[in-house]
Amino acid sequence: MAEVSSPIQHTLVELAIAGERRAFDRLYQLWQARWYRFVLRQCTNPATAEDVLQNGVLEMVKNIGRLRDPQSFTAWSFVILRRACAMHVRRKVVQREKEASAVAAECAEEPAAPEDPRLTDLSVALTALSADQQNLLALFYSYGLSIAELAKVYEVPTGTIKSRLHHLRETLKHKILSDEETHDV
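About the criteria used
Residues numbered from 1 in each chain as written. Predicted model: local features only at pLDDT ≥ 70, side-chain atom pairs only at ≥ 80, totals over all residues. Heavy atoms only, no water. Axes fitted to C-alpha atoms, helices over the stretch in contact; angles between N-to-C directions. Helix = DSSP H or I, 4+ residues; strand = E, 2+ residues; numbered from the N terminus. Parallel < 35°, antiparallel > 145°, perpendicular 65-115°, else oblique. Left-handed = near helix turned anticlockwise from the far one by under 90°. Contact = heavy atoms within 4.5 Å. Nonpolar A, V, L, I, M, F, W, Y, C, P; charged D, E, K, R; others polar. Phe/Tyr/Trp six-rings, centres within 6.5 Å; stacked < 30°, edge-to-face > 60°. Buried < 20%, exposed > 50% of the residue type's maximum accessible area, 1.4 Å probe, protein only.

What to know about the packing of helix 1 (residues 6-17) against helix 2 (residues 21-43)
Phase 1 of the analysis: The contact between helix 1 and helix 2 brings their axes to 8 Å, and the two run at 135 degrees. Classified by the angle between their axes, helix 1 and helix 2 sit oblique to one another. Judged by the twist between their axes, the crossing of helix 1 over helix 2 is left-handed. Packed against helix 1, whose contacting residues are Gln9, Leu12, Val13, Leu15 and Ala16, the element helix 2 presents Ala23, Phe24, Arg26, Leu27, Leu30 and Trp31 at the interface.
Phase 2 of the analysis: Classifying every residue of the contact of helix 1 with helix 2 by side-chain character gives nine nonpolar, one polar and one charged.

Overview of the packing of aromatic side chains
Phase 1 of the analysis: Tallied over the entire structure, the rule returns eight aromatic pairs.
Phase 2 of the analysis: Their ring planes at 55 degrees and their centres at 6.3 Å tell us that tyrosine 28 and tryptophan 35 sit as a pair that is tilted.
Phase 3 of the analysis: Residues phenylalanine 73 and tryptophan 76 carry aromatic rings whose centres are separated by 5.9 Å and whose planes lie at 40 degrees to one another, so their mutual orientation is tilted. Residue phenylalanine 73 and its partner tryptophan 76 are located together in helix 4 (residues 73-98), separated by three residues, close to a single helical turn.
Phase 4 of the analysis: The buried category is assigned to phenylalanine 73, whose relative accessible area is 0%.
Phase 5 of the analysis: Three or more aromatic residues link up through ring pairs in this structure, and these residues are Tyr28, Trp31, Trp35, Phe38, Phe73, Trp76, Phe78 and Tyr143.

Structure (structure tokens):
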């Protein structure tokens, strides 16, 4: 996917901060697909992801005037989307708590992990990660967010982001190598 030109994005963000609705509409066009994929990894259900994205975008529109640094728009937008996902999860938890105990017990069950010994493909190893871990990798490797930007998105120190990325790379490496050894036996 082509990256958004920084000067163009910077100008659009400045115009959106100043209240120019068409500028935010253009930013939405540029970022919508990436934002949707980010939210979809959290929600997994396309319809829910669209609702959460819509809520997040509305929050962006409402608060864009408070953004002080146009350069931080990318990280700022992902912070809002991450919070919208978290709000969705919180609402879902509250809803489950209000349901009958049988439904709550059914919802609490976790699916069994796949046990196919042929799982050596990186994409399969990635699917074993949590949605949050997948998003961290996507934001860093696919969207090109810096360590500092990721620290803003996840609201943690940069050292924590470095540690998480290192741990994820080691986890994937270990998973792929252990699966290769299993196939060689």
